[in-house]
Each structure stands twice: as structure tokens, then as C-alpha cells.
Amino acid sequence: MPQGSSHRVVLIVDENSNPFEMSCAIEVFGLSRPELGRELYDFTLCAAGSETRMRDGFFTLTGVAELDAADEADTLIVPNRPDTGTPRSPHVLDAVRRAHARGARLIGFCSGAFTMAEAGLLDGRRAACHWMWAESFRARFPRVLLEPDVLFVDDGDILTASGSASALDLGLHVVRRDHGAEIANHVSRRLVFAAHRDGGQKQFVERPLPDVPDESLAPLLAWAQARLREPLTVAGLAARAAVSPATLHRRFRAQLGTTPLAWLTGERVALACRLIERGEERLDVVAARSGLGTAANLRARVRRETGLSPSAYRRRFGPGGGEPLVS
């Protein structure tokens, strides 16, 4: 796990890269966070040349580190750009291959999956890319296990996000994986962005004009988040919203790209992680306060979400750590 600013995150900017994804990386990994009392990452921008023309010539990037900065990265964010058919710079591809060979974590935002696939690093591995390029990606890289309809894919040491906004989702997922739910929530609040959208949610979310003045789920979500320890059900949420369960399901799919039950479970797991981080050591108490019911269900859900058992999660993210959780 990264310890403070000792973990080096390096973003390669290539010719015609998208400014938005570059800004997302800076916002999540590069900003100073004095309110936390420590920096989360040591962040660097680098490029193959002294001047890098950004997408459509919006501006030219200068004054960043040279490409060999990528050789010092613990996490390397590979370049993305809309001209996916144009081969990447051989120097950039070599830098990405070297980083992977020495064990660095690789992150691709949007069309960044093309960079890693062109470097030969995605064969036989899961990846995400923007739905608009899914067909061409499959044609060029048939050995990659593309998941075209998800926000992002975490395949261990290689992570890929589908589109522009999902760069923030993946960035927050990485912060959560590195520093825990509490820190990730803090970063999301600074961004005024959803704290947690599961990577398996769909990329394309229908947002039709409502037939009534306000069909926003925000009031219902806030109400449910304040009552997670209670026995909430989909039927109960629908009754609270004064709609049928089928209508509630459609609204969740349209506005959040997920189901009411999946959202509720995700919120409960996130609350359980925060309770563990704040020092609660009793599994049954964490399970009850988060609404997950039993210690067995808590173990299963936390492991599925974080890849860690509750005790391992506490050792990594809890206050002081070291002591196992008890039933």
C-alpha cells in the first residue's frame, strides 16, 4: 500500500492526448491535501518531447518532466487520445512495457486501453474502453477480454476506465484501494463527485426528460443513507418514493446505471469499511450498524468489494492496525 507521498504516480502525456483525463489524474492524485495532514501521492507529468500538442490543438503542454520519469513510477497512467487508429510513439510504448516489467501498476483512462494493448500487455486480460471504440478495439486486439459496457475494470496491476467521467470513478477506486474508504470519501467530497460507483455499472445511462417536475433519486438516496442499519428493502424504498418497485428499478437504471439492491449493498459495504477504519473491532457490531446483518455476510461482502477480509482491511486502514477483528 502506498505510504503517504512516497508512492510515485506518473502520467505520460502523448501527442493529441485529452486534457480532461489529464485533469482528472491531477485532481485525484496530484493536488495537495493539507487538511489530511499528509500527501497521498507524489505526482509527476511527463512527455516524450519538450512540447506536446494536446487534443485538436487546444493548447501545447510544456515544462513537464522527460519521459524517463516513467521509469520511477510506482503507478503509471498511460496516455489516451481520440485518434485511436494512429500508432503510439515507440518511445512511449517502451516506457509502458518497462514499467509493467518491473511491477508498476498501470492505469488507462478512456482510450488508454489502446496504449496498453498496443504495447502487448492486455492479451488474455480484462479491460474496459469507451463504448464508441469497442468494435474497433475488438477487431485490432481480439486476444483482449474486453468488457465494453462497464465503467472500469480492475484487473489487479492493470486498471482501465471506459470514458472521460469514469476516469474519476477509477481514480477514486484506486484511492479507496490504497488508502481506504474514509480517505476516498474525503477526496470525492473535494471533487463534489459520487463517492462510489461500482466498476460494473453500465457506461451508458439513459437520462430522459422527466414527465413530472422532479424524478431525481437524490432525496431518496439521502434518506436511505441515513438509515442503512435499518432493514431497508427495495419494496420499502419504492414505497418511500411513492412508486412501484418496477418504476424504482427503472429510475435507478436510468439515473445511476445500477439496481436499487446493488446500490444499497454498496452503500452498506462502504459504511462498514468506514466503521472499521474508525476503530470498531467487533464484526457483529459493524455488521449490525451497516445493515449487513451477520458477520458472515459482512466478511463475504467486504472481501468481494475490497479483496480483503475485514481483519486484513483493518490492519491496512484502521487506526494503528495490527489487532484482528473479533466476532
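For the structure itself, look to the data block above.
Within each chain, residues carry numbers counting from 1 in the order of the written sequence. For this predicted model, a pLDDT threshold of at least 70 governs which residues receive local features, and a threshold of 80 or more governs which side-chain atom pairs are given and counted, while totals over whole chains, interfaces and linings are taken from all residues. Values reported for side chains reflect all heavy atoms of the structure, with hydrogen atoms and water molecules removed beforehand.

**Q** Please explain the sheet that holds strand 11 (residues 158-161) as it appears in this structure.
**A** Through backbone hydrogen bonds, the strands of a sheet pair up, either in parallel or in antiparallel fashion. Pairing between two strands is assigned when DSSP locates at least 2 bridges connecting them. Labels follow the DSSP assignment, with helices taken as runs of H or I lasting at least four residues and strands as runs of E lasting at least two, numbered in each case from the N terminus. Ordered by their spatial adjacency, seven strands build an open sheet running 5-2-1-6-7-11-10, and the pairing between neighbours is mixed. Looking at which strands have only one partner, the edges of the open sheet turn out to be strand 5 (65-66) and strand 10 (152-154). Should any heavy atoms of two residues lie within 4.5 Å, those residues are considered in contact. As a rule, the C-alpha atoms of each element are fitted with a line to give its axis, helices using only the stretch in contact, and angles between N-to-C directions run from 0 to 180 degrees. Sitting on the sheet, helix 1 (residues 19-30) is in contact with strand 1 (8-13), strand 2 (42-47), strand 6 (75-78) and strand 7 (105-108), with an inclination near 155° to strand 2. In the packing of helix 5 (residues 166-179) onto the sheet, the strands contacted are strand 7, strand 10 and strand 11, and the crossing angle to strand 11 comes to about 150°.

**Q** I keep staring at the nonpolar core and nothing clicks. Help me out?
**A** General note: in soluble globular proteins, nonpolar side chains tend to be found buried as a group. Here, the term nonpolar core denotes a set of buried Ala, Val, Leu, Ile, Met, Phe, Trp, Tyr and Cys residues that are joined through side-chain atoms within 4.5 Å. A simple rule labels every residue: compare its accessible area, found with a 1.4 Å probe on the protein chains alone, to the largest value its type can have, and call it buried under 20%, exposed over 50%, or partly exposed in between. Counting 33 residues, the largest nonpolar core has Ile-12, Leu-76, Val-96, Leu-106, Leu-122 and Phe-137 as the members making the most contacts within it. Those elements giving two or more residues to this core turn out to be strand 1, strand 6, helix 2 (90-101), helix 3 (112-118) and helix 4 (134-140). A per-element tally of this core places helix 2 first, with five residues. Residues in contact with Leu-106, not counting those within four places in the same chain, are Leu-76, Val-96, Ala-99, His-100, Met-116, Leu-121, Asp-157, Ile-158 and Leu-159. One finds Leu-220, Ala-272, Leu-275 and Leu-308 within the second-largest nonpolar core, a separate group that totals 32 residues.

**Q** I'm lost on unusual backbone geometry in this one. Help?
**A** For Cys-110, which is not a glycine, the phi torsion comes out positive at approximately 60°. With respect to the secondary-structure elements, Cys-110 resides in the loop between strand 7 and helix 3. Notably, Ala-242 is not glycine yet its phi reads approximately 60°, a positive angle. Among the structural elements, Ala-242 can be located in the loop between helix 8 (234-241) and helix 9 (245-256).

**Q** Is there a simple way to think about the environment of Thr-62 in this case?
**A** Tracing the backbone through its elements, the reader meets Thr-62 in strand 4 (residues 60-62). Classification of Thr-62 by relative accessible area gives partly exposed; the value is 46%. Each C-alpha atom, one on Thr-62 and one on Cys-46, is 9.6 Å from the other, the two residues being 16 residues apart in sequence. When residues no more than four places from it in sequence are discounted, the contact partners of Thr-62 are Ser-50 and Glu-51.

**Q** Where do I start with empty space enclosed by the protein in this structure?
**A** Picture a little ball the size of a water molecule; that probe, rolled over the atoms, points out where space is still empty. Computed over the protein atoms alone on a 1 Å grid, cavities are sets of points where a 1.4 Å probe fits but cannot get out and pockets are open sets with protein on both sides within 12 Å along at least five of seven lines; a residue lines them when it has an atom within 4 Å of a point. Grid points are joined across faces, edges and corners, and a volume is the space filled by probe spheres set on the points. In total, this model carries two cavities of 30 Å³ or more according to the counting rule given. If you add up the space inside the second largest cavity, you get close to 50 Å³. Every residue along the wall of the second largest cavity is listed here: Leu-11, Ile-12, Val-13, Ser-17, Asn-18, Glu-21, Met-22, Met-54, Pro-79 and Asn-80. Counting only elements with at least two residues in the lining of the second largest cavity, the list comes to strand 1 and helix 1. By residue class, the composition of the lining of the second largest cavity is six nonpolar, three polar and one charged. Residues are grouped as follows: nonpolar covers Ala, Val, Leu, Ile, Met, Phe, Trp, Tyr, Cys and Pro; charged covers Asp, Glu, Lys and Arg; every other residue, Gly included, is treated as polar.

**Q** Just checking my understanding: could you explain the side chain of Ser-290 for this structure?
**A** With respect to the helices and strands, Ser-290 occurs in helix 11 (residues 283-290). For Ser-290, a relative accessible area of 0% corresponds to the buried category. Whenever a nitrogen or oxygen atom comes within 3.5 Å of another N or O atom, the pair is scored as a polar contact, on the condition that within protein one atom can donate a hydrogen and the other can accept it, and that pairs from neighbouring residues in sequence are kept only if both atoms are in side chains. Among the polar contacts made by the side chain of Ser-290, one reaches the main-chain carbonyl oxygen of Val-286 at a distance of 2.8 Å. Engagement of the side chain of Ser-290 in a polar contact is seen with the backbone oxygen of Ala-287, the distance being 3.3 Å. Aside from chain neighbours lying at most four places away, what touches Ser-290 is Leu-228, Arg-229, Arg-268, Leu-271, Ala-272 and Leu-275.

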